[in-house]
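This is what each chain is made of:
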Amino acid sequence: MSLFKKIFSKEKKETLDKGLEKSKTTFFGKLSKAVAGKSKVDDDVLDNLEEVLVSSDVGVATTLKVIDRIEARVAKDKYLGTEELNQILREEIAGLLSETNIGNETEFTIPKDNKPHVIMVVGVNGVGKTTTIGKLAAQFKKQGLKVVLGAGDTFRAAAIDQLQVWADRVEVPIVKQKMGSDPASVAFDTLQSGVQQNADVVIIDTAGRLHNKVNLMNELSKIKRVMQKVSSDAPHDVLLVLDGSTGQNAFEQAKAFTKATEVTSLAVTKLDGTAKGGVVIGISDQFQIPVKYIGVGEGIDDLQVFNKIEFVDSFFK
């Protein structure tokens with residue numbers, strides 16, 4: 001545990017513990033029922049455990065991987081008691097997530113090779129997209145970086161107004177046009193403004209529509225093409241924001257958006273108000289896309305860089 005404390009501040013750890021409290025309490029309540037009256041990890045316990053993991057929104061594919069790992073340990077160790085199950089689960093899920101180098105960061109950073117570093121943010125309405133952009137801007141500014149925001153969701157006046165509120169709160173410049181304007185035009189102006197202002201980070205909001213994937217694909221492709229007139233390799237990061245409280249629906253949104261555009265990172269929000277925190281484990285395992293940020297509270301500092309070691313530690317604490 002001393003290693004954890006070195007890389008993750010006490011305040012962040014407490015926030016993460018608190019944010020996952022509902023998920024953890026619900027999960028262990030189900031786990032206790034699953035092993036009630038049992039002293040040994042047998043087929044019945046594994047069947048019940050499978051049900052617990054699936055109902056905790058870990059996802060079927062990831063659940064089957066976890067069960068396979070535990071079965072292998074049972075076969076190897078011959079006798080495993082149910083009192084050890086918590087520790088075994090913790091180790092096997094940590095091991096599963098550690099098979100990639102994703103989720104090792106502890107601080108908000110951007111690559112040094114692009115200036116400005118362009119982040120295009122996508123996701124359906126209501127997932128906390130604009131709030132995530134505002135909190136990201138605050139975190140980057142705290143690191144001493146110059147940030148410019150672009151109000152590319154021109155289909156909703158409320159989206160433009162909400163991003164303006166965040167820009168004012170964080171005290172960073174925003175580029176916007178009137179409602180109904182071409183989102184690609186806003187993206188172009190934002191990136192051009194970012195270059196002129198020598199910005200370190202440019203964050204561009206996009207419309208959260210998913211009812212027609214072809215239109216969404218065309219729109220996001222156009223935004224990318226137009227930005228590349230200013231910076232040939234923009235955007236450098238396409239961040240998909242998912243609402244963790246929707247559980248399996250977050251998986252479906254991830255599937256839809258990864259088909260519509262090339263998503264390079266994920267943010268999972270609203271984990272503090274839900275018992276569905278297991279969705280982060282499943283999404284982190286199933287999509288070959290890093291979960292970069294998680295939202296574990298409403299405060300401006302409650303958007304955290306996702307660290308899988310800390311997440312598993314807090315979930316199974």
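So, here is what we can say about the structure in this document. Please read all numbers here as calculations on a predicted model, not as lab measurements.

## Considerations on the pattern of salt bridges
Applying the stated criterion across every chain, the model contains 20 salt bridges. Two residues, Asp-285 and Lys-65, come together in a salt bridge whose shortest N-O distance is 3.0 Å. Of this pair, Asp-285 sits in helix α12 (residues 278–286) while Lys-65 sits in helix α5 (residues 60–77), and the two are 220 residues apart along the sequence. Measuring nitrogen to oxygen at the nearest pair gives 3.5 Å for the salt bridge that ties Glu-252 to Lys-255. In this pair, Glu-252 and Lys-255 both sit in helix α11 (residues 248–260), three residues apart, roughly one turn of the helix. The exposure class assigned to Glu-252 is partly exposed, which follows from its relative accessible area of 43%. Take Lys-255: its relative accessible area is 40%, and that puts it in the partly exposed class. Through salt bridges with shared partners, a single network forms among Lys-13, Arg-90, Glu-310 and Asp-313.

## Quick notes on helix α3 (residues 21–34)
Taking 1.5 Å of rise per residue, 14 residues should cover 20 Å, and α3 covers 20 Å from first to last C-alpha, within 8% of that figure. Buried within α3 we find Ser-23, Lys-24, Phe-27, Leu-31 and Ala-34. Take α3 and look down its axis: the buried residues cluster within an arc of 90°, on one side only. Next to the buried residues of α3 lie α4 (43–55), α6 (85–97) and α13 (308–315).

## Concerning the sheet that holds strand β6 (residues 265–269)
The strand order across the open sheet built from eight strands is β3-β2-β4-β1-β5-β6-β7-β8, with neighbouring strands paired in mixed fashion. Strands with a single pairing partner mark the edges of an open sheet, and in this sheet they are β3 (174–175) and β8 (303–305).

## Side note on the packing of aromatic side chains
Geometrically, a pair of aromatic rings is defined through the distance of the ring centres and the angle of the planes. Summed over the entire model, instances satisfying the criterion amount to ten aromatic pairs. Ring centres of Phe-27 and Phe-28 lie 5.3 Å apart, and the angle between their planes is 85°; this geometry places the pair in the edge-to-face category. Each member of the aromatic cluster is reached from another via a ring pair, and the members are Phe-27, Phe-28, Phe-306, Phe-311, Phe-315 and Phe-316.

## Description of the environment of Val-238
Looking at the secondary structure, you find Val-238 in strand β5 (residues 237–243). When the C-alpha positions of Val-238 and Ile-203 are compared, they lie 9.9 Å apart, and in sequence the two are 35 residues distant. Contact partners of Val-238, with chain neighbours within four places excluded, come to Met-120, Val-122, Lys-224, Thr-261, Glu-262, Val-263, Thr-264 and Ser-265.

## Observations regarding a negative patch on the surface
Taken together, the side chains of Asp-43, Asp-47, Glu-51, Asp-68 and Glu-71 define an acidic patch exposed on the protein surface. Breaking the negative patch down by element, the ones donating at least two residues are α4 and α5. Examining the composition of the negative patch, we find that three residues originate from one element, α4, more than from any other. Tracing the backbone shows Asp-47 in helix α4.

## Side note on unusual backbone geometry
Here Lys-115 and Pro-116 are connected by a cis peptide whose omega angle stands at -5°. Within the fold, Pro-116 resides in the loop between α6 and β1 (117–122). Even without being a glycine, Glu-171 presents a positive backbone phi close to 65°. Within the secondary structure layout, Glu-171 lies in the loop between α8 (157–170) and β3. The backbone phi angle of Lys-270 is positive, close to 60°, even though this residue is not glycine. Structurally, Lys-270 can be placed in the loop between β6 and α12. Of the residues examined, Lys-270 reaches a relative accessible area of 35% and is grouped as partly exposed.

Basis of the calculations
Note that residues are indexed from 1 along each chain, following the sequence as it is written. Note on the predicted model: pLDDT of at least 70 is required for a residue's local features to be given, and 80 or more for side-chain atom pairs to be given and counted; whole-chain, interface and lining totals, by contrast, use all residues. For the side-chain quantities, the full set of heavy atoms in the structure was used; hydrogens and water were omitted. Salt bridges are identified by distance alone: a Lys or Arg side-chain nitrogen within 4 Å of an Asp or Glu carboxyl oxygen. Helical segments are the DSSP runs of H or I of at least four residues, strand segments are the runs of E of at least two, and each set is numbered from the N terminus. When a residue's accessible area, from a 1.4 Å probe over protein chains only, is under 20% of the maximum for its type it is buried; when over 50% it is exposed; and in between it is partly exposed. Each residue after the first adds 1.5 Å to the expected span of a helix. Throughout, the arc means that of the directions going from the helix axis to the C-beta atoms. Residue contacts are counted whenever heavy atoms from the two residues lie within 4.5 Å of one another. A pair of strands is labelled paired if DSSP reports no fewer than 2 bridges between them. Working definition: rings of Phe, Tyr and Trp (its six-membered ring) pair if their centres are within 6.5 Å, and the pair is stacked with planes under 30 degrees apart, edge-to-face with planes over 60 apart, and tilted otherwise. Residues with no salt bridge and a relative accessible area higher than 30% make up the patches, which join like charges within 9 Å and nonpolar side chains (Val, Leu, Ile, Met, Phe, Trp, Tyr) within 5 Å. Accessible areas in this description were obtained via Shrake-Rupley with a 1.4 Å probe; residue shielding takes into account the shown protein chains only. Charge assignment: positive for Lys and Arg, negative for Asp and Glu; neither His nor the chain ends contribute. To locate a charge, take atom NZ for lysine, CZ for arginine, CG for aspartate or CD for glutamate.

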